[in-house]
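# A structural walkthrough
Letter by letter, the chains look like this.
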Amino acid sequence: AQSVAQPEDQVNVAEGNPLTVKCTYSVSGNPYLFWYVQYPNRGLQFLLKYITGDNLVKGSYGFEAEFNKSQTSFHLKKPSALVSDSALYFCAVRDPTDSWGKLQFGAGTQVVVTP
Amino acid sequence: GAVVSQHPSRVICKSGTSVKIECRSLDFQATTMFWYRQFPKQSLMLMATSNEGSKATYEQGVEKDKFLINHASLTLSTLTVTSAHPEDSSFYICVGGGANNSPLHFGNGTRLTVT
């Protein structure tokens, strides 16, 4: 069975400071990992994904994430946060051995960036 | 590019009535459609997985007779909430995918409010 955990319900950061949103996963094989962002009353927007290859993945809006197999983590980072980055962030895992490839989402982390 | 068009974006209905949500895949064939539900400030929970031309597979605790899923073609999947009650008020999101772990495409979600 696959699962993903986001240990922080909320992350508060001042504008201009680095932002990190944590995610750890559990999957039987090599995982497919994703980050999505959700603004109020909106659907999910794709930020980035790790399938294979370079452990550092760069995505949309200046975000990046590092796949760490030994720590089973896939933390989302941004060097300098903006107020407009305030949103709900979801980590998700997809087990490539699952025939249907369904996504399992973490609980979500609310990011609040203050001016 | 490949898109899932989900309608309606918002719907308000009275208790006891039924509501149909449509998801159409554009520029790709959605062999599989995942239906998720999201309660306020919570994560996305998978309700069911449907494959074109076959019956949907429901997650534990989801009533199949209440949440009717039809996936009659590769471009259209529908979710009907029957005899809706206020506790069914939620954000419903469809996610379409092709075969063999191909990329997933998210609908923009439907905000259902049952009064």
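Scoring rules and cut-offs
- Residues numbered from 1 in each chain as written.
- Chains lettered and ligands numbered in written order.
- Predicted model: local features only at pLDDT ≥ 70, side-chain atom pairs only at ≥ 80, totals over all residues.
- Heavy atoms only, no water.
- Helix = DSSP H or I, 4+ residues; strand = E, 2+ residues; numbered from the N terminus.
- Rg over C-alpha atoms; globule rule 2.2 N^0.38 Å.
- Buried < 20%, exposed > 50% of the residue type's maximum accessible area, 1.4 Å probe, protein only.
- Contact = heavy atoms within 4.5 Å.
- Areas by Shrake-Rupley, 256 points an atom, 1.4 Å probe, with all protein chains shown as cover.
- Lys, Arg positive; Asp, Glu negative; His and termini not counted.
- Charge placed at Lys NZ, Arg CZ, Asp CG, Glu CD.
- Polar contact = N/O pair within 3.5 Å; in protein donor to acceptor, adjacent residues only side chain to side chain.
- Pairing = 2+ DSSP bridges.
- Axes fitted to C-alpha atoms, helices over the stretch in contact; angles between N-to-C directions.
- Disulfide = S-S within 2.5 Å.
- Phe/Tyr/Trp six-rings, centres within 6.5 Å; stacked < 30°, edge-to-face > 60°.

### Examining the overall build of chain A
A count of helices and strands for chain A gives zero helices and twelve strands. Scaling as 2.2 N^0.38, a compact globule of 115 residues should have a C-alpha radius of gyration of about 13 Å, and chain A matches this with 14 Å. Seen through its principal axes, chain A has C-alpha atoms that stretch 45 × 30 × 20 Å. Taking all 115 residues of chain A together, 43% fall into the buried category. Long-range pairs, those at least 24 residues apart, make up 56% of the contacts in chain A with a sequence separation of at least 6. When the accessible surface of chain A is summed, it comes to about 5500 Å², and 49% of that surface belongs to carbon and sulfur atoms. Chain A carries 9 positive and 9 negative side-chain charges, and their two centres are separated by 5 Å.

### Some points on the side chain of Asp88 of chain B
Relative to the helices and strands, Asp88 of chain B is located in the loop between strand E8 (76-81) and strand E9 (90-97). If sequence neighbours within four positions are ignored, Asp88 of chain B has contacts with Lys66, Phe67, Val81, Ser83, Leu112 and Val114 of chain B.

### Focus on the side chain of Gln2 of chain A
All names here are of chain A. Its location among the elements puts Gln2 in the segment before strand E1 (3-5). The buried category is assigned to Gln2, whose relative accessible area is 13%. For Gln2, the side chain forms a polar contact with the main-chain oxygen of Val93, separated by 3.5 Å. For Gln2, the side chain forms a polar contact with the main-chain oxygen of Lys102, separated by 3.1 Å. Other than its neighbours up to four places away in sequence, Gln2 contacts Ser26, Val27, Val93, Arg94, Asp95, Lys102, Leu103 and Gln104.

### Considering the sheet that holds E8 of chain B
All names here are of chain B. One open sheet accounts for four strands, arranged E1-E3-E8-E7; its pairing is antiparallel. This sheet does not close on itself; its edge strands, each paired only once, are strand E1 (3-7) and strand E7 (67-73). For this sheet, the mean inter-axis angle between neighbouring strands, taken without regard to orientation, is 15°. Alignment of E7 against E8, held across five bridges, turns out to be antiparallel. Residue pairing across strands places Asn70 opposite Thr78, the latter belonging to E8.

### Some words on the state of the cysteines
A full pass over the atoms with the stated rule returns two disulfides over all chains. In this model, Cys23 of chain A is linked to Cys91 of chain A through a disulfide, with the two sulfur atoms separated by 2.0 Å. For the disulfide bridge between Cys23 of chain A and Cys91 of chain A, the dihedral angle about the S-S bond is near -60°, and by the sign convention the bridge is left-handed. On the criterion of sequence distance, the pair formed by Cys23 of chain A in the loop between strand E3 (19-21) and strand E4 (24-26) and Cys91 of chain A in strand E10 (residues 87-94) is long-range, its members being 68 residues apart. With respect to burial, Cys23 of chain A and Cys91 of chain A carry one shared label: buried. With a sulfur-sulfur separation of 1.8 Å, Cys23 of chain B is cross-linked through a disulfide to Cys94 of chain B. Its S-S torsion of about -95° marks the bond between Cys23 of chain B and Cys94 of chain B as left-handed, since a negative value means left-handed. One end of the pair, Cys23 of chain B, is in strand E3 (residues 19-26); the other, Cys94 of chain B, is in strand E9, and 71 residues separate them in sequence.

### Details of the environment of Ser70 of chain A
Along the chain, Ser70 of chain A turns up in the loop between strand E8 (64-68) and strand E9 (73-78). For Ser70 of chain A, the side chain forms a polar contact with the side chain of Asn68 of chain A, separated by 2.7 Å.

### Here we look at the packing of aromatic side chains
The way to describe two aromatic rings as a pair is by their centre distance and the angle between their planes. Summed over the entire model, instances satisfying the criterion amount to twelve aromatic pairs over all chains. With 4.7 Å between their ring centres and 50° between their planes, Tyr36 of chain A and Phe106 of chain B make a pair best called tilted. Linking Tyr36 of chain A in strand E5 (residues 32-38) with Phe106 of chain B in strand E10 (residues 104-106), this pair reaches from one chain into another. Residues Tyr36 of chain A and Phe106 of chain B agree in their burial class; the two are buried. Seen from their ring centres, Tyr50 of chain A and Phe67 of chain A are 4.1 Å apart, and the 20° between their planes marks the pair as stacked. Highlighted residues: Tyr50 of chain A in strand E6 (residues 44-50) and Phe67 of chain A in strand E8, separated in sequence by 17 residues. Tyr50 of chain A sits in the buried class, given a relative accessible area of 8%.

Keep in mind these values describe shape, not function.
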